[in-house]
Amino acid sequence: MAALTGSQAIMKDYNKYLRPKFNEKPIEIAVSLEVASIDAVSEENMDYTATINLRQRWTDERLVFEGNRSITLDARLVESLWVPDTYIVDSKKSFLHDVTVENRLVRLFANGTVLYAIRITTTVACKMDLTKYPMDRQTCKLQLESWGYSEKDLTYVWMRANDSVRGMDHLQLAQYTVEQYYTTNSIGKDETGNYPRLALCFILRRNVVYFILETYIPSALLVVLSWVSFWISMSSVPARTCFGVTTVLAMTTIMMGSRFNFPTANCIIKAIDVYLGICFSFVFGALLEYAFAHYCSELNSAVNKEKIKNSLEEPEHDISSVLIACDSKQLNRKENQTENAPEKNSLKNSVIFKLWLKIKIIRLKKFNVTNPENVDRYSRTVFPLIFLIINIIYWTYYLLI
């Protein structure tokens, strides 16, 4: 009864709708928080979900009582007290834990200091730069701000600077490691005024080992597998075609799987997309290499057959001599008017055919590879060398720059 009487005396003439030090200087709210967990970091939605214990401390002179002790009040009494209107900036959704009761703590000290603690799970937006994914670092923020009290009425401070945040050193995340965290104090500018703001900034470094094992190594091995076709005989058309088509389809599957966690509207070209594009180009290039080598082989065979055919025929006149003969015949057209017309047409058709045949042979020789086997022989060196150079440039740029 004495305790009840004491609490009633404390709350006598107390107005919860007016802040402490009303019409006086701004009230100072000291904040500390403990990060219990960061459950999920979503690149698709560009947000993270965290569970935090938020503690706020301020002094309300209207709640001073005699003694040298503190009183822990029932959490339901918070409805009878003035509390700061703190909210989480950029929060998409949040909820207060209420199992088995609402997770609230209200502790009152003799000098009027109030400690108010709550346990919240919130999903907060985090702007991400995914151009270096999966070798990226993301800087996310957890910002606390007053909703209605401007800087003239209320100010926020961290209780113990960076030591005001606990739990960040022991967090276990699936894909990330907390590389660094720090606190800031700033002012949020809005159309309705300037509001005090506190921010916890933390840098998340993605663990790239998972992606190396899942994507990078399989992609590189598929590229190496496509080079096996360079050692297969050019006459083995089914075997070489099977290698090319299979590796192209496998690379396509890996590329589709790498974008599974991203929205279709996301047009960001990421580091992993660049590498998969490089690997796909080499795999497809190996398939085109066989098509080119096979074409050169068929072309070389056609030229050889043409040469054999021409060697069996009568010796041909030189094109220049044929043209000179034609010119002389045109000059002596009047003397040869008595000649038979069908013989003229036959000679003319014969010259045109021989000219067409010569041009065809020249074209075949121009685009002909003397030894088509050299295409495979050179590819065995050129493809691995270029792939190695591109890998050195790629990893140097994305890891060191």
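Given the structure is predicted, the values throughout are model-derived calculations rather than measurements.

### A word on the overall build of the protein
Argument step 1. The helix and strand tally for the protein stands at seven helices and 12 strands.
Argument step 2. Within the protein, the fraction of its 401 residues that count as buried is 37%.
Argument step 3. Here the analysis covers contacts within the protein between residues at least 6 apart in sequence; of these, 77% occur between residues at least 24 apart.
Argument step 4. A total accessible area of about 24,300 Å² is found for the protein, and carbon and sulfur atoms account for 58% of it.

### Brief notes about the state of the cysteines
Argument step 1. On inspection of all chains with the given rule, the structure shows one disulfide.
Argument step 2. Here C126 pairs with C140 through a disulfide, and the sulfurs are 2.0 Å apart. Judged by the sign of its S-S torsion, about -85°, the cystine formed by C126 and C140 is left-handed. Taken together, the residues span a long stretch of sequence, with C126 in the loop between β7 (113-125) and β8 (137-146) and C140 in strand β8 at a distance of 14 residues.

### Details of the environment of A199
Argument step 1. Positionally, A199 belongs in strand β12 (residues 193-206).
Argument step 2. The sequence separation of A199 and L142 amounts to 57 residues, and the corresponding C-alpha distance is 5.6 Å.
Argument step 3. Setting aside residues up to four positions removed in sequence, A199 forms contacts with L142, Q143, W158, Y182, T183 and T184.

Scoring rules and cut-offs
- Residues numbered from 1 in each chain as written.
- Predicted model: local features only at pLDDT ≥ 70, side-chain atom pairs only at ≥ 80, totals over all residues.
- Heavy atoms only, no water.
- Helix = DSSP H or I, 4+ residues; strand = E, 2+ residues; numbered from the N terminus.
- Buried < 20%, exposed > 50% of the residue type's maximum accessible area, 1.4 Å probe, protein only.
- Contact = heavy atoms within 4.5 Å.
- Areas by Shrake-Rupley, 256 points an atom, 1.4 Å probe, with all protein chains shown as cover.
- Disulfide = S-S within 2.5 Å.

Purely geometric stuff here, so don't read any function into it on its own.
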